[in-house]
Amino acid sequence: MDRSEWEAVVGLEVHAHLKTRTKMFCRCELEYGGAENTHTCPVCLAHPGALPVPNARAIEMTILLGLALECEISERAVFARKNYFYPDLPKGYQISQYEAPLCGPGRFLLPTEDGEREIGIVRAHLEEDAAKTVHAGGATGRSIGAEYSLVDFNRGGTPLLEIVSAPDLRSADEAMSFLRLLRQTIRELGISDADMEKGTLRADVNVSVRRAGEEGFRPRWEIKNMNSFRFVGRAIEAAFRQQVEAHESGEEVVQSTYDYDPDTDRLTVHRSKEEADDYRYFPEPDLVPVEPSAELVERLRGEVPESPVERIRRLSGKLGLASAAELVTTGNEWKAEALAAEGVDWKTAGAIAMNRDDFLPENAGALARIVQANVTREALDEAFAAAAVGPIDAAEYLSRTALGDEATLAPVIDAVIAAHPDQVETYRGGKEGVLGFFVGQVMRETQGKADAKLVSELVRSKLG
Ligand SMILES: [Zn+2]
């Protein structure tokens, strides 16, 4: 298989639990990890005659996200019933949005090494989550082989935001990068924890392949409910490999839902894809359309903060795209910005932000002075550890300066080298790891006051 002849075509459907106080259509409290079936009422248990009332804050949160993704905000969004049967869906339908979603087409500018790429956002809409089925008993603890299943209705009716991207992503890496930045955007809007481990963020992945330069799309595979970042990337890679193999050997690629097995790193067919018609969507008769006023939309527009993408754009000139993207998607760029504002050069500030624990913003100035003063490694470690828990006094660390001049260090290094001829021979025989031994000896001789980086350079040059 020649990878360069093929490209992946990937689209994502991302679901995020909204961080409202109560559920989407009733006043039951949302509590992650609460005792089972303690947050239920006639509405979310679908008792006959119980009527839904939409959560206004959930609607606002969805509009906020829509604005952050440059979406058109609908003037008249309609809730729709999506009919299907499952034990965790007591009504026999899910209230979702179908023909008239709250947020229409938008776009996401994905930073890449070749500049920004526009990823289309097809829609972002609001729906309710189903309850949670727990398979129990039996050997596997999974649905196959379980002795019985229990349903926890606490999750039933949780407001769920669904974001659908266009099939504009062209590799596993690009899809991961999009997903990370989308997650960061959602988190910074304060509308969801968007945590895959806790199930507050899930992704369905659609993958097909086509020959480079080919127009149109081939049949796609849908991988549902991915709840691990790592597996999203691996599943896309596996789907790409398997589909290219199939196309090249003339096998038919059938459009279907697939499961990814991390143990075998392969996808197997799950079940035939439901067509939209199977759900018999129709407008929800118990709810009036949502008509957000222009005033509301403008007020929410004012609440949208600078996006992660905008910050990457701003920082990548100083730090390079990869570092800027890593700092922003881990929420750490403020550390680099704080240190740089205090006069630490951007590259050092970026490296520190990536490798050091959090520090309190108020300590940025003191830390900047300590970083620039060539203090010992030990003093630096202590300063950063202290800076994470309370205010620090720079003077306490500044006196512990490292020996950073070659004239003082050279005789110590010479003595250490002369005292260890065996290790010198080992090093010259190709075992470069012995370098650490010499650096350690010099640090011991200088009571840890030598500049370890300079020692390392000097030892290397002396050993030739
Ligand atoms: Zn309820």
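## Concerning the overall build of the protein
In terms of regular secondary structure, the protein is built from 15 helices and 13 strands. Referenced to the eigenvectors of the C-alpha coordinate spread, the extents of the protein come out at roughly 90 × 55 × 50 Å. When each of the 464 residues of the protein is scored for burial, the buried share is 47%. Here the contacts in the protein between residues at least 6 apart in sequence split such that 68% fall between residues at least 24 apart. Distance between charge centres in the protein, computed from 53 positive and 77 negative side chains, equals 1 Å.

## Some points on the pairing of strand β8 (residues 159–165)
Counting buried positions along β8 gives 7 out of 7 residues, so the element sits mostly inside the fold. The alternating pattern of β8 places P159, L161, I163 and S165 and L160, E162 and V164 on opposite faces, both of which are buried. Where strand β1 (residues 6–17) lies against β8, 5 bridges are found, and the strand directions are antiparallel. Residue pairing across strands places H15 opposite E162, the latter belonging to β8. Bridging between strand β5 (residues 115–128) and β8 involves 7 bridges; their strand directions are antiparallel. Looking across to β8, one finds that L126 is bridged to L161.

## A word on the packing of aromatic side chains
Throughout the structure, instances matching the rule amount to 10 aromatic pairs. Ring plane angle 10° and centroid distance 3.8 Å describe the contact between W221 and Y258, whose orientation is recorded as stacked. Taken together, the positions of W221 in strand β10 (residues 221–226) and Y258 in strand β11 (residues 256–261) put the pair 37 residues apart, joining distant regions of the chain. Since its relative accessible area comes to 10%, Y258 is described here as buried. Of the aromatic side chains, those joined through ring pairs into one cluster are Y84, Y98, Y279 and Y281. One residue, K82, lies across the ring of Y279, its end atom 4.4 Å from the ring centre.

## Focus on the coordination of the zinc ion
Six octahedral donors around a metal ideally make angles of 90 or 180 degrees; four tetrahedral donors ideally make 109.5 degrees. Around the zinc ion, the donor atoms from the protein are C26 (SG), C28 (SG), C41 (SG) and C44 (SG), and they sit 2.3 to 2.4 Å away. Considering all 4 donor atoms around the zinc ion, the spread of angles at the metal, 102 to 113°, places the coordination shape in the tetrahedral class.

## Section: a nonpolar patch on the surface
Residues V134, Y148 and L150 make up a contiguous nonpolar surface patch of about 280 Å² in total accessible area. Within the secondary structure, L150 is located in strand β7 (residues 148–152). Overall, L150 belongs to the partly exposed group, its relative accessible area being 48%.

## Details of unusual backbone geometry
Unusually for a residue other than glycine, N37 sits at a positive phi of about 55°. Its place among the elements puts N37 in the loop between β1 and α1 (56–68). Phi angles above zero are rare outside glycine, and N374 is one such case at about 55°. By the secondary structure assignment, N374 is in the loop between α9 (364–372) and α10 (377–387).

## Remarks on helix α8 (residues 346–355)
Within α8, burial applies to A349, G350, I352 and A353. Buried residues of α8 fall within an arc of 165° about the axis and therefore sit on the same side. In α8, the exposed positions angled more than 90 degrees off the buried face are occupied by K347 and N355. Where α8 is buried, its residues touch α5 (308–319), α6 (321–329), α7 (333–341), α9 and α10.

Each value, and the rule that gives it
Residues numbered from 1 in each chain as written. Predicted model: local features only at pLDDT ≥ 70, side-chain atom pairs only at ≥ 80, totals over all residues. Heavy atoms only, no water. Helix = DSSP H or I, 4+ residues; strand = E, 2+ residues; numbered from the N terminus. Buried < 20%, exposed > 50% of the residue type's maximum accessible area, 1.4 Å probe, protein only. Contact = heavy atoms within 4.5 Å. Lys, Arg positive; Asp, Glu negative; His and termini not counted. Charge placed at Lys NZ, Arg CZ, Asp CG, Glu CD. Pairing = 2+ DSSP bridges. Phe/Tyr/Trp six-rings, centres within 6.5 Å; stacked < 30°, edge-to-face > 60°. Lys NZ or Arg CZ within 6 Å of the ring centre and 35° of its normal. Donors = N, O, S within 2.8 Å, 3.2 Å for Na, K, Ca; no water. Tetrahedral: all angles 85-135°; square planar, octahedral: opposite > 155°, others 65-115°. Patch = residues over 30% accessible without salt bridge, like charges linked within 9 Å, V, L, I, M, F, W, Y side chains within 5 Å. Areas by Shrake-Rupley, 256 points an atom, 1.4 Å probe, with all protein chains shown as cover. Salt bridge = Lys/Arg side-chain N within 4 Å of Asp/Glu carboxyl O. Arc of directions from axis to C-beta.

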